[in-house]
Amino acid sequence: MKKDLLSLYDLDRADFDTVFEKARELKRIQREGKTYTPLMGKTLGMIFDKSSTRTRISFEVGIYQLGGMALFLSNRDTQLGRGEDLSDTARIMSRYLDAVVIRTYSQKFVEEFARYATIPVINGLTDLQHPCQILSDLFTIIEQRGSYEMIKVAYIGDGNNVANSWVDAAARLPFQLVFACPEGHEPDADILSRGMKEAKGGIRVYRDPREAAQSADVIYTDVWTSMGQEGQREERKKVFAGYQVNEKLLARARADVIVMHCLPAHRGEEITDDVIDGPHSVVLDQAENRLHVQKAIMSILI
Ligand code: CP
Ligand code: NVA
């Protein structure tokens, strides 16, 4: 695996499988109540410019469980927030830390940071990508279905960071990925065209959520208004009104469909209460698996 985890496009199939295998092992160790501390004495820096519940907690708890410690560095409290040069920051932090996870707006920032850093840099979400999320989601799919091979994932809603990372995963692994997005809200054009050329199981974009959901093994959704887009919320609610994951849409999918959402959810918007709390939903396992997969990522990269 490369030094950094910035986008799933940088991984090959063997890298994905290595992460899933390690996550399975770490989850088992955790379940058995055993201690496993290969990262004793290691420190993870966590630069967060955006809010987070799952990503922050799973990385922070994850490194403690592996024997290391975390340093939470909000932009407000470091000199980076006062304009210290990115290359200086990356090089200096590399002298103290053993890895860094960054959650911010610009993908370029994370890439630039990784260019100067001599330690692994992990993308904890940008406006463009959310690679750790989709790695963990694929792990959940393997747990639920035995494999990601040949399954059909239907992503309903906004072609955002989470959707883009799904496209990158489909460029590398043999599963079928379909989207239902309103016009102008498809995944990033460059990522999508690259993904469509390289996808092993195919990628299609529909307008009609019912077409996308047809015989799906997985129905996936995310918020209509991502962090940083709060000013567009009312407008987006109108644009995405027909893209709700509800019982009626679920009826189109396979009888044993699983429903996934990276969370946080806006209940009553992109997903109804009865679906997110219903028998097909795996959102809690999905959230828990962030911990096991993040621990796998750290133990592989550090
Ligand atoms: N899914 C996810 O990344 O959640 P947080 O924003 O709470 O980290
Ligand atoms: N698309 C969402 C994902 C949150 C985990 C956002 O960027 O806000």
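Chemist: Please give an account of unusual backbone geometry that cites residues and values.
Modeler: Leu 263 connects to Pro 264 through a cis peptide bond whose omega is 5°. Inspection of the secondary structure assignment puts Pro 264 in the loop between β9 (258-261) and α11 (273-276). Phi is positive for Leu 125, close to 120°, though the residue is something other than glycine. With respect to the secondary-structure elements, Leu 125 resides in the loop between β4 (121-123) and α5 (131-145). The class for Leu 125 is buried, based on a relative accessible area of 7%.

Chemist: Any details on the sheet that holds strand β2 (residues 69-74)? Residues and values, ideally.
Modeler: A sheet is described by the order of its strands in space; here 4 strands give the open sequence β2-β1-β3-β4, paired in parallel fashion. Whereas interior strands pair on both sides, the edge strands pair on one side only; in this sheet they are β2 and β4. If you compare each strand with its neighbour and ignore which way they point, the axes differ by 20° on average. As paired elements, strand β1 (residues 43-48) and strand β3 (residues 99-103) share 5 bridges and run parallel to each other. Looking at the pairing, Ile 47 lines up with Ile 102 of β3. Of the strands in this sheet, β1, β3 and β4 are in contact with helix α4 (residues 107-116), which crosses β4 at around 165°.

Chemist: I'd like to hear about the pattern of salt bridges, residue by residue, with values.
Modeler: Tallied over the entire structure, the rule returns 25 salt bridges. Two residues, Arg 267 and Asp 273, come together in a salt bridge whose shortest N-O distance is 2.8 Å. Owing to a relative accessible area of 44%, Arg 267 belongs among the partly exposed residues under this scheme. Judged by its relative accessible area of 42%, Asp 273 falls in the partly exposed class. Each member of the salt-bridge network shares a partner with another, and the members are Arg 145, Asp 217, Arg 254 and Asp 256.

Chemist: Account for the site of ligand 2, with residues named and values stated.
Modeler: Inspection of the region around ligand 2 gives Leu 125, Asn 160, Asn 161, Asp 222, Val 223, Ser 226, Met 227 and Leu 263 as its neighbouring residues. Measuring from an oxygen atom of ligand 2, one finds a side-chain N or O atom of Asn 161 at 2.8 Å. The separation between a nitrogen atom of ligand 2 and a polar side-chain atom of Asp 222 is 2.7 Å. Considered on its own, ligand 2 offers 270 Å² of accessible surface; in the complex 94% of this is hidden by protein.

Chemist: Describe in detail the sheet that holds strand β8 (residues 218-221), supporting the description with residues and values.
Modeler: In a beta sheet, neighbouring strands are held together by backbone hydrogen bonds and run either parallel or antiparallel to one another. Strand order across the open sheet formed by 5 strands is β7-β6-β5-β8-β9, with parallel pairing between neighbours. A single partner strand is all that each edge strand has here, and the edge strands are β7 (203-206) and β9. The average angle at which neighbouring strand axes cross in this sheet is 20°, direction not considered. Here strand β6 (residues 176-180) pairs with β7 via 4 bridges, running parallel.

Chemist: I'd like to hear about the packing of aromatic side chains, residue by residue, with values.
Modeler: Considering all chains together, one arrives at 10 aromatic pairs under this definition. Relative to Phe 20, the ring of Phe 16 lies with its centre 6.2 Å away and its plane at 45°, an arrangement referred to as tilted. Here the residue Phe 16 and the residue Phe 20 both occupy positions in helix α1 (residues 13-31), the gap between them amounting to 4 residues, near one helical turn. The same class applies to Phe 16 and to Phe 20, which are both buried. Relative to Tyr 220, the ring of Tyr 155 has its centre 5.7 Å away and its plane inclined at 15°; by these criteria the two rings are stacked. Of this pair, Tyr 155 sits in strand β5 (residues 152-156) while Tyr 220 sits in strand β8, placing them 65 residues apart in sequence. As far as burial versus exposure is concerned, Tyr 155 and Tyr 220 are alike and both buried. Through pairs of rings, three or more aromatic residues link up here, namely Tyr 155, Trp 166, Phe 175, Phe 179 and Tyr 220. Its end group placed over the ring of Tyr 9, Arg 172 keeps NZ or CZ at 4.1 Å from the ring centre. For the cation-ring pair, Arg 194 lies above Tyr 9, with the distance from its terminal atom to the ring centre recorded as 3.5 Å.

Rules used in this analysis
- Residues numbered from 1 in each chain as written.
- Chains lettered and ligands numbered in written order.
- Predicted model: local features only at pLDDT ≥ 70, side-chain atom pairs only at ≥ 80, totals over all residues.
- Heavy atoms only, no water.
- Helix = DSSP H or I, 4+ residues; strand = E, 2+ residues; numbered from the N terminus.
- Buried < 20%, exposed > 50% of the residue type's maximum accessible area, 1.4 Å probe, protein only.
- Pairing = 2+ DSSP bridges.
- Axes fitted to C-alpha atoms, helices over the stretch in contact; angles between N-to-C directions.
- Contact = heavy atoms within 4.5 Å.
- Salt bridge = Lys/Arg side-chain N within 4 Å of Asp/Glu carboxyl O.
- Near = heavy atom within 4 Å.
- Polar contact = N/O pair within 3.5 Å; in protein donor to acceptor, adjacent residues only side chain to side chain.
- Areas by Shrake-Rupley, 256 points an atom, 1.4 Å probe, with all protein chains shown as cover.
- Phe/Tyr/Trp six-rings, centres within 6.5 Å; stacked < 30°, edge-to-face > 60°.
- Lys NZ or Arg CZ within 6 Å of the ring centre and 35° of its normal.

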